[in-house]
Amino acid sequence: ERVRRLKTASEFVTRVTTQRWAMAVLLDLKAVHKNVDVGKYSGAGLGLGYRILGMDSGFNSLDTGAVSKAYKKSRGRLILMDYGGTILSNDNLDNLSRFQVATKTRKYTVPTKEMIETLKELCNDKRNIVFVVSGKERHSLTETLNDIPNLGLAAEHGMFISWPNSSTGNKRIWETLVPDQDRSWRSIAITIMEVYASRTHGSYIEETEMKVLWQYRDADPEFGYLQARELEDHLSNVLRSFSVDILHGGVEEGGYVEVRPKGVNKGVVATHILKNVPKITTWEKIDFLLVLGDDHCDEPMLSVMRQVGRRAIDASRARNHEPPLPPLPASVTLVDVSSCDNYVSSSLATFTCTVGKKPSAAANYLHDVDEVQDSLDTLVKVSTRDHKFYSSVDLRNLDQGGFQLPLQNSSLLSSFTMNMPKKLGGVSRSVSMNNIRSMTTEFKKPEPTVSKNLTDFLGTIEDEDDDDDPFFF
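Residues numbered from 1 in each chain as written. Predicted model: local features only at pLDDT ≥ 70, side-chain atom pairs only at ≥ 80, totals over all residues. Heavy atoms only, no water.

A.B. asks: Before we go on, may I ask you to explain a nonpolar patch on the surface in this structure?
C.D. replies: Together, W21, V25, L26 and L29 give the surface a local cluster of nonpolar side chains, amounting to about 450 Å² of exposed area. As for its placement among the helices and strands, W21 is situated in helix α2 (residues 18–31). (Patch = residues over 30% accessible without salt bridge, like charges linked within 9 Å, V, L, I, M, F, W, Y side chains within 5 Å. Areas by Shrake-Rupley, 256 points an atom, 1.4 Å probe, with all protein chains shown as cover. Salt bridge = Lys/Arg side-chain N within 4 Å of Asp/Glu carboxyl O. Helix = DSSP H or I, 4+ residues; strand = E, 2+ residues; numbered from the N terminus.)

Structure (structure tokens):
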């Protein structure tokens, strides 16, 4: 037996040499494919609330410099932003505050005065179309944002839209995204939700103009989740014949079950606004797109607008015979956005951003509302930055009082504007070099004098401060 086992081992060692083993290892290493998962993962939370967050490896903080440069070069801009959690602190972060707001015992948080002024400055630029797209009701938005001229509003996730208007303080004109026909489903949904609210401690019903929600964020997490799943199935069966969507969302924050008209979300209203740009402006296509959001309700808007920007980039690369970009991450919900191609420029610059570093359909993130304020302030400074340089074309506007050139000799300026050629027969004549020479000959040259000492010869030397302001602040 021992000889037989030794013979078998000797035969194996003779056949499988170290060279053959090394070759097998190298072939296995060569056959290993590169990991196609380009995501990166990080942990968040403590104890039972600990979870793994997966994000795209290119998910970086928003580059304000790149946004400002694209903003400066563009001529048609569309800016879409969420309300709560984006331009003001979010009420949803505090369960007690959320309950007080839902039961109308506490008012909503309002934007700061600095944010209101920033929005006014952005809306004053004629090249901008600014929309606040929120899930709140119409009266909540008009109470705080109605005094901002040229600001568009979309309430109830886009169910109600108010287009930009230069007048302020007047009653806004609202239109609905989808026809609101049969509302009998509301009473049925509320009746069913009351049954589940009565047997789930800590849950309550929240009603708005468009939707009905059953909130269980303050209930026992496990029991509330089970009741929500049962309520979702119950509503799906009963409301099958109605044109409504039944959503179960916000599980990370406590959760809710929502019933609202079918086809209403921020992605749909974003494409609707984009397609109506030629109707409210003088330019037909946009070449700058900035989208800001903070929670799961904003993901459809971020997904749709990111795909619009990607289609513009892919079309440009195809014309230049360049290879296509890698596919979008799995966090982006793919939809057909080909109908928006005729409303965007081939050089469209798209920036999608979520507030808070978390998995999102956005390409970038900002940490909090303060960073949103800083980013928007940078865009305002780009728009209102004073012109420091002038060209010969601006000479025609000297006698119109449009601007003042920093000339040291005021007499030369007045004489130059008085002798500017006027319009003849509706045609504006330019100033030639001969005319300039004839005007400058009227001034007598100062007679040369002999300096008595070195101080008189050199004169007073004054240091001039650099007049160029920094581009970014």
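A.B. asks: Looking at this structure, I do not really get the sheet that holds strand β8 (residues 175–176). What am I missing?
C.D. replies: The strands making up a sheet associate through hydrogen bonds between their backbones, and the pairing can be parallel or antiparallel. What the nine strands build is an open sheet, ordered β3-β15-β14-β13-β4-β5-β6-β7-β8; its pairing is mixed. The sheet is open, and its two edges are formed by β3 (60–61) and β8, each paired on a single side. Sheet topology places strand β4 (residues 77–81) next to strand β13 (residues 286–293); five bridges connect them, and they run parallel. Across the sheet, residue L78 finds its bridge partner in β13, namely L289. (Pairing = 2+ DSSP bridges.)

A.B. asks: Explain the sheet that holds strand β10 (residues 212–215) here, please?
C.D. replies: Spatially, four strands are ordered β9-β10-β12-β11 in an open sheet, and the strand pairing comes out antiparallel. The open sheet terminates on both sides in strands that have one partner only, identified here as β9 (204–207) and β11 (244–249). The sheet shows a mean angle of 15° between the axes of neighbouring strands, taken without regard to direction. Relative to strand β12 (residues 256–261), β10 is paired through four bridges, and the arrangement is antiparallel. If you follow Q215 over to β12, its bridge partner there is Y256. Across the face of the sheet, helix α7 (residues 185–198) comes into contact with β9, β10, β11 and β12 while running at roughly 10° to β10. Running at roughly 170° to β11, helix α8 (residues 221–238) makes contact with β10, β11 and β12 of the sheet. (Axes fitted to C-alpha atoms, helices over the stretch in contact; angles between N-to-C directions. Contact = heavy atoms within 4.5 Å.)

A.B. asks: Help me understand the environment of L122 in this model?
C.D. replies: Residue position: L122 is located in helix α5 (residues 113–124). L122 sits 258 residues away from V380 along the chain, and the two C-alpha atoms are 6.1 Å apart. L122 has contacts with Y71, N128, V130, L376, L379 and V380, leaving out every residue within four places of it along the chain.

A.B. asks: Would you mind showing me how to read the packing of helix α3 (residues 64–73) against helix α12 (residues 369–384) here?
C.D. replies: Packed helices, taken two at a time, are described by the angle between their axes plus the distance between the axes. Running from amino to carboxyl end, α3 crosses α12 at an angle of 35°, the nearest separation of the two axes being 10 Å. Considering the relative orientation of α3 and α12, their crossing is right-handed. The segment α3 lies against α12, with T64, V67, S68, Y71 and K72 engaging S375, T378, L379, V382 and S383. (Left-handed = near helix turned anticlockwise from the far one by under 90°.)

A.B. asks: How do you make sense of α7 when you look at a structure like this?
C.D. replies: One turn of the α-helix equals 3.6 residues, which is why residues spaced by three or four share an orientation. The terminal C-alpha atoms of α7, which comprises 14 residues, lie 20 Å apart, in line with the 20 Å expected from a rise of 1.5 Å per residue. Within the span of α7, buried status applies to W185, R186, A189, I190, I192, M193 and Y196. On its buried side, α7 packs onto β9, β10, α8, β11 and β12. (Expected span 1.5 Å × (residues − 1). Buried < 20%, exposed > 50% of the residue type's maximum accessible area, 1.4 Å probe, protein only.)

A.B. asks: Can you help me understand the side chain of T271 in this one?
C.D. replies: Relative to the helices and strands, T271 is located in helix α9 (residues 266–275). A distance of 2.7 Å separates the side chain of T271 from the backbone oxygen of V268, its partner in a polar contact. Once residues within four sequence positions are removed from consideration, T271 is found in contact with V304, M305 and C340. (Polar contact = N/O pair within 3.5 Å; in protein donor to acceptor, adjacent residues only side chain to side chain.)

A.B. asks: How should I be thinking about the environment of K211 in this particular structure?
C.D. replies: Residue position: K211 is located in the loop between β9 and β10. Using a relative accessible area of 7% as the deciding quantity, one classes K211 as buried. Taking the C-alpha atoms as reference points, K211 and P261, 50 residues apart in sequence, are found 7.4 Å from one another. Reaching out from K211, the side chain makes a polar contact with the side chain of H157 at a distance of 2.9 Å.

A.B. asks: Is there a simple way to explain the nonpolar core in this structure?
C.D. replies: Side chains of a nonpolar character, in soluble globular proteins, are inclined to be buried together. If you look at the biggest cluster of nonpolar residues, it comprises 73 residues, and the most contacted ones within it are L80, M81, L145, I286, M305 and V308. Setting aside residues up to four positions removed in sequence, M81 forms contacts with T86, I87, L119, V130, F131, V132, V133, L292 and L376. A189, M193, Y216 and L231 belong to the second-largest nonpolar core, a separate cluster that totals 19 residues. (Core = buried A, V, L, I, M, F, W, Y, C linked by side-chain atoms within 4.5 Å.)

That's the geometry; what it means functionally is another story.
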